[in-house]
Amino acid sequence: MTVLATALSDFLHAAVEPQVQVDAIGIGAIYALMAVGIGLVFGVLRLVNFAYGQLVMAGAFALAYASDQDWPVWLGIVLCFVVVITLTLAMERVVFRPLRGKPAATMLVATFAVAFLLQAVALLIDQTDDTLGEPAASLAKLNVPWTILGTDVRKITVVAIVTAAVCLAGLVLILSRTTVGLHMRAAAMDFETARLLGVRADRVIGSAVLLSGILAATVAVMLTVQQPLVTSTFALRETIVVLAGVVLGGMNRLFSATLGGFAIGYASGLLGGALPTAQSQYLPSILFGLVIVILLVRPGGLFTRGPGPVERV
Amino acid sequence: MSSSTLVVSDLVVRYGAVPAVHGISFEVAPGEIVGLIGPNGAGKSSTLNAITGLVGPFSGSVRLGERDLTGRAPEVVARSGIALVPEGRRIFGELTVDENLRLGLAGRRTQRGVAEDLERVLELFPVVAESRARSAGVLSGGQQQQLAIARALVAAPEVLLLDEPSLGLSPAITDTVFDALATIRDSGLAVLLVEQRAQRTVAIADRTLVLANGELRLTLTPDDAGDTERMIHAYLS
């Protein structure tokens, strides 16, 4: 009992360290962006896109390629966006659109198939040389720390927080001030009625998918700075954690899904930063144990009012 | 506003092997209200669903003037000039009244004249005009029904379809809604009114079609509204 109390006390002391807090917020910001990307598509298609992580992985490979070719950083980022957005739109056109209206299980399995296909292709690309993984070193300078008020803060953490804030503010503006944003909100609430009013399904879904692709590319850049070795399983763990966060927050609302993403990213960063190195292997168990407990208490989501009906479009 | 006649010809609707509508034909011309009444399961909603594109007809056609809208997607039908006031109103309760009206604009074929059309609609429904900044979810049932009709009208449609607009409304609010329908008809729109309140429908409509078991059984005129015996016979036959 004393050992447990001591461990808890140590953990709490470490958790309130400014550096741990800043890092946790940085991870929360990246996960929140991933949650928005997943939540946007779920809102209009009622589809959980399990291939979202592979889009991020494709963007990371693009950055690694640019780095290998000694391209300037900005050109690598442009390539990353082009690759991810092209793949996202292709996925919508070739897989999501023909399967729209089919049973939910069919669409779900299709996203699994896309995920494994992209992963297999990435593995083949990775195996063209004898090394495991492709380094994306040109962005590494963003991983060095600044010392602010005695706390080491990595540049990427600041970039991640600012980027997430800008992206989320931009998204709020698009959703609240533009016609396509209004149509997306209406479609997420009741797609059938929105279509009966003349809202174009293809345009709304295409816009949501495009926005989710832009966010995936943004996440790819930020994760690649933190994990410069790009493999075929890049972003897989993060996607699974974010999916849990989206469900944890409440996936019927974009706002609650985003908060869920941030919360699980923050908790993950906090546990990762505060747990002693020797105990870091317990992080996933603790994290997902917490997810199960919270879902048992609030099955509709941590940030929603009641379970609410889930209606498929 | 240009006007065309809605022409439904030999419409057959089936859900798998289950037939819902058996080859019905009717027209709704500009400046007239056509009522569609019948008991539950008569095929009224299936007819509306086939017109609006929510279900594809097994056979037959739906035309608006020269345009063939048979089996087209709901948004295509809406953008062709057919607006629906759905059963249960289906207002977006989390959006404001103004945002609901802006959604109605999605069905417009042209963005010219939006301000004038909006002004005309808000004159017709002052309660909607007074509530534009409010959340639509807090409106009363009657206010929501008026908003649903206003939302359909801002699309500047040629044909207005109404599915049970008096459902759940008090007699006083029903009067307001039916008065508005008469004004809408007088403005030159073609109106197809699907209703459970048979007597009110027969009284206001230029023609009322009685549907039973997916077939058109009878056509009633406003003169029949007082003939209770004929009305009952029409429903039970």
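Residues numbered from 1 in each chain as written. Chains lettered and ligands numbered in written order. Predicted model: local features only at pLDDT ≥ 70, side-chain atom pairs only at ≥ 80, totals over all residues.

**Student:** Would you mind showing me how to read the overall build of chain A here?
**Tutor:** Of regular secondary structure, chain A possesses 11 helices and four strands. In terms of C-alpha radius of gyration, chain A reaches 20 Å, essentially the compact-globule figure of 20 Å for 313 residues. Judged by the C-alpha coordinates and their principal axes, chain A covers about 60 × 50 × 35 Å. Going through the 313 residues of chain A one by one, you find that 45% of them count as buried. Looking at chain A alone, contacts between residues at least 24 apart form 74% of all its contacts between residues at least 6 apart. (Helix = DSSP H or I, 4+ residues; strand = E, 2+ residues; numbered from the N terminus. Rg over C-alpha atoms; globule rule 2.2 N^0.38 Å. Buried ≥ 20, exposed ≤ 12 C-beta atoms within 10 Å, placed from the backbone. Contact = placed C-beta atoms within 7 Å.)

**Student:** Explanation requested: the overall build of chain B in the structure shown.
**Tutor:** Counting its regular elements, chain B contains nine helices and 10 strands. The C-alpha radius of gyration computed for chain B amounts to 17 Å, which stays within 12% of the reference 18 Å derived for 237 residues, consistent with globular compactness. In terms of overall dimensions, chain B has C-alpha extents of about 50 × 35 × 30 Å along its principal axes. By residue count, 47% of the 237 residues in chain B fall in the buried class.

**Student:** What is the right way to look at helix 2 (residues 18-45) of chain A in this model?
**Tutor:** Note: α-helices contain 3.6 residues per turn, so residues at a spacing of three or four share the same orientation. Taking 1.5 Å of rise per residue, the 28 residues of helix 2 of chain A would be expected to cover 40 Å, and the 40 Å separating its terminal C-alpha atoms lies within 8% of that figure. A:Arg46 lies just past helix 2 of chain A and shows a positive phi near 50 degrees. (Expected span 1.5 Å × (residues − 1).)

**Student:** Mind showing me how you'd approach the sheet that holds strand 2 (residues 18-28) of chain B here?
**Tutor:** Pairing between sheet strands relies on hydrogen bonds along the backbone, with the strands arranged either parallel or antiparallel. Residues and elements named next belong to chain B. One open sheet accounts for four strands, arranged 2-1-4-5; its pairing is antiparallel. Taken across any chain shown, the strands that pair with only one partner, and hence form the sheet edges, are strand 2 and strand 5 (67-68). Of the strand pairs in this sheet, strand 1 (residues 6-15) and strand 4 (residues 59-64) are connected by five bridges, and their pairing is antiparallel. By the bridge assignment, Ser-9 is partnered in strand 4 with Ser-61. (Pairing = 2+ DSSP bridges.)

**Student:** Looking at this structure, how should I read the pairing of strand 10 (residues 215-220) of chain B?
**Tutor:** Residues and elements named next belong to chain B. By the bridge criterion, five bridges tie strand 9 (residues 207-212) to strand 10 in an arrangement that is antiparallel. The residue bridging Thr-208 from the neighbouring strand is Leu-220, located in strand 10. Between strand 9 and strand 10, which pair antiparallel in sequence order, lie two residues; one of them, Asn-213, sits at a positive phi of approximately 50 degrees.

**Student:** Teacher, can you tell me more about the confidence of the model for chain B here?
**Tutor:** The predicted structure's coordinates, where accompanied by low pLDDT, should not be read in detail. In this model, chain B carries a mean pLDDT of 92, and residues with pLDDT of at least 70 account for 97%. Predicted complex, confidence summary: ipTM 0.93, pTM 0.87. (pLDDT = per-residue confidence, 0-100.)

**Student:** Explain the nonpolar core to me, please; I cannot follow it from the model alone.
**Tutor:** The tendency in soluble globular proteins is for nonpolar side chains to be buried as a group. Counting residues in hydrophobic clusters, the biggest one holds 164 residues, and the most contacted among them are A:Ile30, A:Ala60, A:Ala220 and B:Leu161. The element that contributes the greatest number of residues to this core is helix 2 of chain A, accounting for 16 residues. (Core = buried A, V, L, I, M, F, W, Y, C linked by C-beta atoms within 7 Å.)

**Student:** Even after reading the chapter, I still don't get helix 4 (residues 73-99) of chain A, so can you show me in this structure?
**Tutor:** All names here are of chain A. The terminal C-alpha atoms of helix 4, which comprises 27 residues, lie 38 Å apart, in line with the 39 Å expected from a rise of 1.5 Å per residue. Of all bends in helix 4, the biggest is about 35 degrees, found at Glu-92. The set of residues buried in helix 4 consists of Gly-76, Ile-77, Cys-80, Val-83, Val-84, Leu-87, Thr-88, Met-91, Glu-92 and Phe-96. In the core, the buried residues of helix 4 are packed alongside helix 2, helix 3 (52-68), helix 5 (104-126) and helix 8 (201-226). Phi turns positive, to about 90 degrees, at Gly-101, one or two residues after helix 4. (Bend = angle between axes of the 7 residues up to and from the residue.)

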